[in-house]
Amino acid sequence: VAEADIESYYTANQDEFRSEEKLVVEYVELTPASFTEEVNLEQSMVDEVVDAKIAAAASRRSRHVAQILLEVQDDDSHLEKLAEIQKKLEAGESFAVLAREYSEDYGTAEQGGDLGYIQAGDLPESLGVAVDQLAVGEVSGLVESELGVHLIKLLDEKSADAPSREQLEPSVRQELLHQLALELLPVRIEELKDLSYNADSLESVANRLGVPLKVSEPFGRREGAGISSNPVVVQAAFSQPVLDDGWASEVLELADDHVLVLKLKERIPETLQPLADVRDQIETILKAQYASRELQQRG
């Protein structure tokens with residue numbers, strides 16, 4: 001590609017090489033993190049949540065249980081069979097062997113009545129209560145449920161590893177600070193609306209709210225980074241009240257817990273990019289055109 005052709009293309013197609021108009025805005029944003037230092041968090045609140053989490057973790061124990069189930073009969077013959085099973089258990093016979101022989105829960109009988117490891121709430125209430133009263137190796141008395149009558153044996157018990165207070169407290173404190181700051185956010189948003197309405201500068205607004213005044217990187221209508229990657233921000237920045245009239249924007253809601261107000265700081269007009277910056281781009285375009293023309297001729 002001849003240099004003269006590159007220069008000629010650049011001169012004839014300058015609209016292709018104009019950078020878009022860009023803006024720089026200053027803005028005040030509010031999130032719960034903006035007010036965590038204002039929140040009064042009492043140690044008793046932290047202790048209460050930490051204690052509850054430790055207790056909940058400790059209660060999540062797994063218990064390995066087995067059962068012998070007998071269906072209820074009108075003639076009470078199931079009670080006679082139950083007494084027979086209990087007598088054999090007292091004589092030292094294996095619970096698993098007796099489950100295979102007597103249990104009418106055919107899904108577990110072949111496994112010696114093994115129900116596997118269960119947690120709180122996995123069993124009907126009456127069975128859960130019975131299991132709670134057993135030590136490992138013990139067999140319950142008769143327990144009734146909608147399915148029939150049961151003998152329950154506790155085979156094993158695994159306690160959940162409860163986290164320590166030192167492990168939990170930092171995250172609990174941060175979580176509570178966030179919640180309390182979130183409750184404060186609507187009040188601060190109303191203050192932001194009042195302070196930014198017809199404000200000459202957002203610096204005074206930021207100072208009154210005790211938050212930093214921030215400044216964006218230059219951004220256009222089609223591209224941006226950071227705060228200007230949000231289309232709500234771009235649309236507000238290029239709106240007539242902000243761009244032409246110089247007003248502060250309305251309070252923009254970017255998320256449930258994230259709002260901001262912006263104001264134009266600098267307007268950078270579109271400019272013609274220097275030939276040196278777009279020379280490679282033009283060369284690529286011309287090579288494609290020449291190659292297409294050569295292809296047609298050879299064809």
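Residues numbered from 1 in each chain as written. Predicted model: local features only at pLDDT ≥ 70, side-chain atom pairs only at ≥ 80, totals over all residues. Heavy atoms only, no water.

**Q** What am I meant to see in the packing of aromatic side chains here?
**A** The geometry of an aromatic ring pair is captured by the separation of the ring centres together with the interplanar angle, meaning the angle of the planes. With the rule as written, the count across this model stands at three aromatic pairs. Residues Phe219 and Phe238 carry aromatic rings whose centres are separated by 6.3 Å and whose planes lie at 80° to one another, so their mutual orientation is edge-to-face. Placement of the pair is Phe219 in the loop between strand 7 (214-215) and helix 8 (231-237) and Phe238 in the loop between helix 8 and helix 9 (240-243), with a sequence separation of 19 residues. By relative accessible area, Phe219 is classed as buried at 1%. Residue Phe238 is classed as buried on the basis of its relative accessible area, which comes to 10%. Members of the aromatic cluster, joined through ring pairs, are Tyr9, Tyr10 and Phe17. Taking NZ or CZ as reference, Lys158 lies 4.6 Å from the ring centre of Tyr117, over its face. A cation sits over an aromatic face here: Arg188 above Phe35, 5.6 Å from the ring centre. (Phe/Tyr/Trp six-rings, centres within 6.5 Å; stacked < 30°, edge-to-face > 60°. Helix = DSSP H or I, 4+ residues; strand = E, 2+ residues; numbered from the N terminus. Buried < 20%, exposed > 50% of the residue type's maximum accessible area, 1.4 Å probe, protein only. Lys NZ or Arg CZ within 6 Å of the ring centre and 35° of its normal.)

**Q** Looking at this structure, I do not really get helix 10 (residues 275-298). What am I missing?
**A** The α-helix winds at 3.6 residues per turn, so residues separated by three or four positions along the chain end up facing the same way. Spanning 24 residues, helix 10 covers 33 Å between terminal C-alpha atoms, matching the ideal 34 Å at 1.5 Å per step. The largest bend in helix 10 is about 30°, located at Gln281. The set of residues buried in helix 10 consists of Val278, Ile282 and Leu286. The inward-facing, buried residues of helix 10 contact helix 1 (3-12). (Expected span 1.5 Å × (residues − 1). Bend = angle between axes of the 7 residues up to and from the residue. Contact = heavy atoms within 4.5 Å.)

**Q** What exactly am I supposed to notice about the pattern of salt bridges here?
**A** Oppositely charged side chains are able to pair whenever their charged atoms sit close together. A complete count under the given rule lists 18 salt bridges for this structure. Ionic pairing is found between Glu169 and Arg173, a salt bridge with its closest N-O pair at 3.5 Å. Of this pair, Glu169 and Arg173 both sit in helix 6 (residues 165-196), four residues apart, which is roughly one turn of the helix. The salt bridge involving Glu190 is made with Lys193; its shortest N-O contact spans 3.5 Å. With Glu190 and Lys193 both in helix 6 and three residues apart, the pair spans about one turn of that helix. Under the relative-accessibility criterion, Glu190 is labelled partly exposed at 43%. Since its relative accessible area comes to 39%, Lys193 is described here as partly exposed. Through salt bridges that share partners, Glu3, Arg279, Glu283 and Lys287 make up one connected network. (Salt bridge = Lys/Arg side-chain N within 4 Å of Asp/Glu carboxyl O.)

**Q** Help me understand the sheet that holds strand 4 (residues 114-118) in this model?
**A** Within a sheet, adjacent strands bond to each other through the backbone by hydrogen bonds, running parallel or antiparallel. Strand order in this open sheet of four strands is 4-3-6-5, and the pairing throughout is antiparallel. This sheet does not close on itself; its edge strands, each paired only once, are strand 4 and strand 5 (143-145). Averaged over all neighbouring strand pairs, the angle between strand axes comes to 40°, with direction disregarded. Examined bridge by bridge, strand 3 (residues 62-70) and strand 6 (residues 148-158) share nine bridges and lie antiparallel to one another. For Ser62, the partnering residue across the bridge sits in strand 6 and is Lys158. (Pairing = 2+ DSSP bridges. Axes fitted to C-alpha atoms, helices over the stretch in contact; angles between N-to-C directions.)

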